[in-house]
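Here is how the chains run, residue by residue.
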Amino acid sequence: MKWYNAIADGYDELRGEEQRAKLRQFNPYIEPDMRVLDVGFGTGISDEMFDSTVIGIEPNKSMLQSYDGNTTVYNRPADDLGGLFEESVFDAVLCVSTAHHFKDAERVFGQIRRVLRPRGYFFISLFVDEQDLLEYSVINEFEEEERCRVHHDIVVTYRLSD
């Protein structure tokens, strides 16, 4: 977290285009009437990129200080998603370059699955050294139920079946 405190003011300049490039891959799936949860909202890049209703989870207050939009953002870690939302309330969940921060990834992925609607999308972008996260059982459940599309080796899209 200290690193993000130090770079928060210049985050968009440093990593903004990289994040936008990852998010652009999800454009074909995100429609204006969708409710989207961004786990790791950061400076709000997802809110500027999609015309849908975006709700954010961001644990770092410094990152949020540069966000000037109107979306609802909860300042808490993803590991604390549990009581925030009812079941099946989001059409899509974004998890872009954030999974390495999860203290309990299995729990977070389980909560993501819980809040997704049937036929909802789970978009996850992993750093190459995070590929072992794909071994978590809830991720395997997405794949075993044939709800997965792989865009390339580090961006994975899962879609819940009915």
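The coordinates are above.
Everything in this summary refers to the structure shown in the same document. (Residues numbered from 1 in each chain as written. Predicted model: local features only at pLDDT ≥ 70, side-chain atom pairs only at ≥ 80, totals over all residues. Heavy atoms only, no water.)

Leu 37, Phe 85, Val 93, Phe 102 and Ile 112 are the most contacted members of the largest nonpolar core, which totals 21 residues. Sorting the residues of this core by element identifies β1 (35–39), β2 (53–57), β4 (90–96), α5 (105–115) and β5 (116–125) as the ones contributing at least two each. The element that contributes the greatest number of residues to this core is α5, accounting for 5 residues. For Val 93, the contacting residues outside a window of four places in its chain are Leu 37, Val 39, Ile 112, Val 115, Leu 116, Tyr 121, Phe 122 and Phe 123. In terms of nonpolar packing, the next biggest core, distinct from the first, is built from 18 residues, Met 34, Met 49, Val 54 and Phe 123 among them. (Core = buried A, V, L, I, M, F, W, Y, C linked by side-chain atoms within 4.5 Å. Buried < 20%, exposed > 50% of the residue type's maximum accessible area, 1.4 Å probe, protein only. Helix = DSSP H or I, 4+ residues; strand = E, 2+ residues; numbered from the N terminus. Contact = heavy atoms within 4.5 Å.)

Scanning the entire structure with this criterion turns up 9 aromatic pairs. On the numbers, 4.9 Å between centres and 90 degrees between planes, the contact of Phe 41 with Tyr 67 is edge-to-face. Taken together, the positions of Phe 41 in the loop between β1 and α3 (45–49) and Tyr 67 in the loop between α4 (61–64) and β3 (73–74) put the pair 26 residues apart, joining distant regions of the chain. What makes Tyr 67 buried here is its relative accessible area of 15%. Centroid distance Tyr 74 to Phe 85: 5.6 Å. Interplanar angle 85 degrees. Geometry classified as edge-to-face. Here Tyr 74 is found in strand β3, whereas its partner Phe 85 is found in the loop between β3 and β4, with 11 residues between them in sequence. Take Phe 85: its relative accessible area is 10%, and that puts it in the buried class. Three or more aromatic residues link up through ring pairs in this structure, and these residues are Phe 26, Tyr 29, Tyr 121 and Phe 123. (Phe/Tyr/Trp six-rings, centres within 6.5 Å; stacked < 30°, edge-to-face > 60°.)

What follows concerns the pairing of β4. Where burial is concerned, most of β4 is hidden: 7 out of the 7 residues are buried. Judged from the 6 bridges that link them, β4 and β5 form a sheet pairing that is parallel. In the sheet register, Val 96 faces β5, and the bridge partner there is Ser 125. Viewed along the sheet, the connection from β4 through α5 into β5 turns out right-handed. (Pairing = 2+ DSSP bridges. Right-handed = clockwise from strand over helix to strand, strands pointing away.)

Before going further, it helps to spend a moment on the pattern of salt bridges. This model, assessed by the stated rule, comprises 2 salt bridges. With a shortest N-O distance of 2.8 Å, Glu 48 and Arg 20 are connected by a salt bridge. Of the two residues, Glu 48 sits in helix α3 while Arg 20 sits in helix α2 (residues 11–24), which places them 28 residues apart along the sequence. With a shortest N-O distance of 3.0 Å, Arg 117 and Asp 91 are connected by a salt bridge. Placement of Arg 117 in strand β5 and of Asp 91 in strand β4 is noted, with a sequence separation of 26 residues between them. Accessibility expressed as a relative area gives 16% for Asp 91, which makes it buried. (Salt bridge = Lys/Arg side-chain N within 4 Å of Asp/Glu carboxyl O.)

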